[in-house]
Amino acid sequence: MKTVFATVGTTSFDELIESVTSSEAAQALKARGYERLVLQVGRGSVFPAAASCPHITLEAFRFKDSIAEDIKQADLVISHAGAGSCLEALGAGKPLLVVVNDKLMDNHQLELAKQLHMDSHLLYCTCSTLTETLRTMDLSVLQPFPPGQPKNFADFLDRALGVK
């Protein structure tokens, strides 16, 4: 069953949950062959009922110890623009659509999304453009995110801290 996993991370982003479960967004997902939508809704006040999304099978939860399995099972990840959530999805090699919260002040999330988009690693939109993006997105243009190099980072830290 073709699955979408949507996450808001540890924050609340009710507008994203409302947008992705709207009838229009669900129809756009269904038109692309997605049959299941799994939501991680975080601390938000919106917790959609399974029957609230008639076009697609809906499951929702607030938090888990790890969302790695949800990401692994997903054919598409829709995420808020938090660095941790973006890097986790990209590191798993999943197509990623980032929804930027344009209501935030000092929006560093937009800068991250723009840069990763310019590097062809993800697509991004806002809640107001989510449905149209779902209708028109071309996931084939996305390039794999290069794996991190923890050894180089560890060596840098060792030098910076005077350990080596």
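Heads up: the structure comes first, above all this text.
Calculation rules
Residues numbered from 1 in each chain as written. Predicted model: local features only at pLDDT ≥ 70, side-chain atom pairs only at ≥ 80, totals over all residues. Heavy atoms only, no water. Helix = DSSP H or I, 4+ residues; strand = E, 2+ residues; numbered from the N terminus. Phe/Tyr/Trp six-rings, centres within 6.5 Å; stacked < 30°, edge-to-face > 60°. Lys NZ or Arg CZ within 6 Å of the ring centre and 35° of its normal. Contact = heavy atoms within 4.5 Å. Buried < 20%, exposed > 50% of the residue type's maximum accessible area, 1.4 Å probe, protein only. Arc of directions from axis to C-beta. Pairing = 2+ DSSP bridges. Axes fitted to C-alpha atoms, helices over the stretch in contact; angles between N-to-C directions.

Novice: How do you make sense of unusual backbone geometry when you look at a structure like this?
Specialist: Negative phi characterises most residues that are not glycine, and trans characterises most peptide bonds. In this structure, Ser120 is a non-glycine residue whose phi angle is positive, near 65 degrees. Topologically, Ser120 is positioned in the loop between helix H5 (108–118) and strand E6 (123–126).

Novice: Honestly, the packing of aromatic side chains in this entry has me stumped. Any pointers?
Specialist: The geometry of two aromatic rings is summed up by the distance between their centres and the angle between their planes. The final tally for this structure, using the stated rule, is one aromatic pair. With a centroid separation of 6.3 Å and an interplanar angle of 10 degrees, the aromatic rings of Phe5 and Phe61 are classed as stacked. Taken together, the residues span a long stretch of sequence, with Phe5 in strand E1 (residues 3–7) and Phe61 in strand E3 (residues 57–61) at a distance of 56 residues. Over the ring of Tyr34 we find Lys2; its NZ or CZ atom is 4.5 Å from the centre of that ring. Here the basic side chain of Lys64 rests over the ring of Phe61, its NZ or CZ set 4.3 Å away from the ring centre.

Novice: Sorry, what's going on with the side chain of Thr133 here?
Specialist: Relative to the helices and strands, Thr133 resides in helix H6 (residues 130–136). Apart from the residues lying within four places of it in its own chain, the contact partners of Thr133 are Leu97 and Cys125.

Novice: Could you clarify how one ought to interpret H5 in this entry?
Specialist: Turning to H5, its buried residues are Gln109, Ala113 and Leu116. Seen from one end, H5 has its buried residues packed into an arc of 70 degrees, which puts them on one side. Turned more than 90 degrees away from the buried face of H5 sit His108, Glu111 and Met118, all of them exposed. One or two residues past the end of H5 sits Ser120, with phi positive at roughly 65 degrees.

Novice: What's the story with the sheet that holds strand E5 (residues 96–100) in this structure? I'm lost.
Specialist: Neighbouring strands of a sheet are bound in pairs by backbone hydrogen bonds; such pairs are parallel or else antiparallel. Strand order across the open sheet formed by six strands is E3-E2-E1-E4-E5-E6, with parallel pairing between neighbours. In the strand order of this sheet, the two ends are held by E3 and E6, each with one partner. Looking at each pair of strands side by side, their axes are set apart by 20 degrees on average, direction ignored. In the sheet, strand E2 (residues 36–40) pairs with E3 via five bridges, with the strands oriented parallel. Note that in E3 the partner of Arg36 across the bridge is Thr57. Relative to the sheet, helix H4 (residues 83–91) contacts E1, strand E4 (76–80) and E5, its axis offset from that of E4 by approximately 165 degrees. Relative to the sheet, H5 contacts E4, E5 and E6, its axis offset from that of E6 by approximately 145 degrees.

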